[in-house]
Amino acid sequence: MSLKGKHIVLGITGSIAAYKAAILTRLFIKEGAEVQVVITPAGKEFITPVTLSALTGKPVVSEFFTANDGTWHSHVDLGLWADLMVVAPATASTLGKMANGIADNMLITTYLSMKAPVFIAPAMDLDMFAHPSTQRNISILKSYGNQIIEPASGELASHLIGKGRMEEPESIVKEVKAYFEKKKSLSGKRILITAGPTYERLDPVRFIGNYSTGKMGFALAEECACRGAEVILVAGPVALSIDHPQIHRIDVESADEMYHEATTVFPSVDVAILCAAVADYRPEIKSETKIKRKGDNLNLALVPNKDIAAELGRLKSEKQLLVGFALETDNEQENAKKKVEKKNLDYIVLNSLRNPGAGFRTDTNQVTIIDRNGNEDNFELKLKTALASDIIEQTLLKNK
Ligand code: C5P
């Protein structure tokens, strides 16, 4: 895939690696992209705007106004024009300003107005890179959803050897191309995802629930939407927010409500990923008033909830794909394989409560994916956000 027609805003800052930005610009242009350079005042000390505008065929943007005629350069327009912003090289100072919203130059105002994803390639001396302040700013930028292109190790302009060298332009272009490829990997697909726990009401103040946070399901929803899918996220009670134009969220409380929403949506989707920890039982009687303490023991009668996965497995057409989850404490593989068959799933994602860092109430997870033929793929412990991508590639995109 080329970058034909893609609009790239290239931010250049005052690092010696700015000379590589000319090569990066050239490579983007060769791939068919349109490049608009935004350079900081310090950046211009390292590379001349004339070189860059000659390569891009566009005037380089640097100041808020053109000095001679007072024309205002709109960072807002640039934010809307771009399909991607790449800041390469990014100095420690620019990382700090981006992380903290210090909008004292055109590059930062453009960054703050950016609607498109942002890739950042830091470049600095090894000690500056290792400093807690730089590392903190990088984590803040990651938390904004920005993609850090890690600097390489090697000899630096200072002649010191270590990590801080801006990644080579060829590798940056490769990452950018991979991003655009990934972005359309699920375009045109409609995907149902269930997430979180369910609450089964006992009385006006109490419920039977579980420790599910919804993080895995929300990470999957985000990942599917970023890959171009339209997502219907049916969420139990969770303390999470999600904001993506292609995610339609339906909040529910009980297994019964989740069943109703999931079965209504299912006929219109290509894929369903059932990540929710659905209660197997609910109280037979919901008390209208608070249950009072009396006597020694209180016996609750529980009745089974409908199994959403099994019902969708029954309704499933040839073209639809069904992915379930299993959280097991014992006989993990065996139990998971039985569920694939019983619920007519195509894949099951197994997490064992025996693995530290896996399952409920963690940001990480460790899973094994099992298919209908019993083939197993093991994944190492990683962030649920990273795992979401693995799960999609190993299931939805497996046979593409
Ligand atoms: O049988 P078990 O609850 O372990 O199965 C787990 C899988 O089935 C998960 O994908 C879960 O979302 C789904 N499930 C469901 N409805 C239920 C119970 C489980 O969809 N009532």
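The rules behind these values
- Residues numbered from 1 in each chain as written.
- Predicted model: local features only at pLDDT ≥ 70, side-chain atom pairs only at ≥ 80, totals over all residues.
- Heavy atoms only, no water.
- Salt bridge = Lys/Arg side-chain N within 4 Å of Asp/Glu carboxyl O.
- Buried < 20%, exposed > 50% of the residue type's maximum accessible area, 1.4 Å probe, protein only.
- Near = heavy atom within 4 Å.
- Polar contact = N/O pair within 3.5 Å; in protein donor to acceptor, adjacent residues only side chain to side chain.
- Nonpolar A, V, L, I, M, F, W, Y, C, P; charged D, E, K, R; others polar.
- Helix = DSSP H or I, 4+ residues; strand = E, 2+ residues; numbered from the N terminus.
- Pairing = 2+ DSSP bridges.
- Contact = heavy atoms within 4.5 Å.
- Axes fitted to C-alpha atoms, helices over the stretch in contact; angles between N-to-C directions.
- Core = buried A, V, L, I, M, F, W, Y, C linked by side-chain atoms within 4.5 Å.
- Domains from an automatic or database assignment.

1. Some words on the pattern of salt bridges
Pairs can form between side chains of opposite charge whenever their charged atoms are close. Applying the stated criterion across every chain yields a total of 24 salt bridges. Here E168 ties to R165 by a salt bridge, and the two come within 4.0 Å at their closest N and O atoms. Given a relative accessible area of 31%, E168 falls into the partly exposed group. Across the pair E334 and K338 runs a salt bridge whose closest N-O atoms are separated by 3.8 Å.

2. A closer look at the site of the ligand
Taken together, the residues surrounding the ligand are L274, A276, V278, D280, K306, D307, I308, A309, G324, F325, K339 and K343. Within the backbone of L274, a nitrogen or oxygen atom sits 2.6 Å from an oxygen atom of the ligand. Between K343 and the ligand, the recorded distance is 2.9 Å, taken from a side-chain N or O atom to an oxygen atom. Tallied by class, residues from the shell around the ligand come to six nonpolar, one polar and five charged.

3. Quick look at unusual backbone geometry
Across the chain, the bulk of peptide bonds are trans and the bulk of non-glycine residues have phi less than zero. The step from A88 to P89 runs through a cis peptide bond, and the omega angle for that step is 0 degrees. Among the secondary structure elements, P89 is positioned in strand β3 (residues 84-90). Although it is not a glycine, H159 adopts a positive phi angle of roughly 75 degrees. Mapped onto the elements of the fold, H159 is located in the loop between β6 (152-155) and β7 (161-165).

4. Re the sheet that holds strand β5 (residues 147-148)
Taken in spatial order, the five strands line up as β2-β1-β3-β4-β5 in an open sheet, and their pairing is parallel. Every other strand in the sheet has two partners, leaving β2 (34-39) and β5 as the edge strands with one partner each. Both strand β1 (residues 7-12) and β2 contribute to a ladder of six bridges, which runs parallel. Looking across to β2, one finds that V9 is bridged to Q36.

5. Section: the side chain of Q36
With respect to the helices and strands, the residue Q36 is situated in strand β2. Those residues within four positions of Q36 in sequence are excluded, and the remaining contacts are I8, V9, L10, K58, P59, V60, V61, L78 and W81.

6. Re the sheet that holds strand β11 (residues 230-235)
Taken in spatial order, the eight strands make up an open sheet running β12-β11-β8-β13-β16-β17-β19-β20, and their pairing is mixed. The two strands at the open ends of the sheet, each matched to only one other strand, are β12 (247-251) and β20 (376-378). Direction aside, the axes of adjacent strands within the sheet are offset by 15 degrees on average. Direction of pairing for β11 relative to β12: parallel, over a ladder of five bridges. Across the sheet, I232 pairs through a bridge with H248, a residue of β12. In the packing of helix α11 (residues 255-265) onto the sheet, the strands contacted are β8 (190-195), β11 and β12, and the crossing angle to β8 comes to about 170 degrees.

7. Structural notes on the nonpolar core
With 35 residues, the main nonpolar core has I191, I193, L220, C224, L233, I273 and L396 as its most contacted residues. Breaking this core down by element, the ones donating at least two residues are β8, α10 (215-226), β11, β13 (271-274), β16 (321-328), β17 (347-352), β19 (367-371) and α14 (384-394). With residues up to four places along the chain from it excluded, the contact list for I193 reads G217, L220, A221, C224, V231, I232, L233, V234 and I273. The next biggest cluster of nonpolar side chains, apart from the first, holds 30 residues, and it includes L24, F28, L52 and M166.

8. Considering the domain arrangement of the protein chain
As far as domains go, the protein chain holds domain 1 (7-182) and domain 2 (190-395). Between the C-alpha centres of domain 1 and domain 2 there is a distance of 40 Å.

9. Brief notes about the environment of I29
Assignment of secondary structure puts I29 in helix α1 (residues 18-30). With relative accessibility at 23%, the residue I29 sits in the partly exposed group. For I29, the residues in contact, after removing those within four places along its chain, are V35, L55 and T56.

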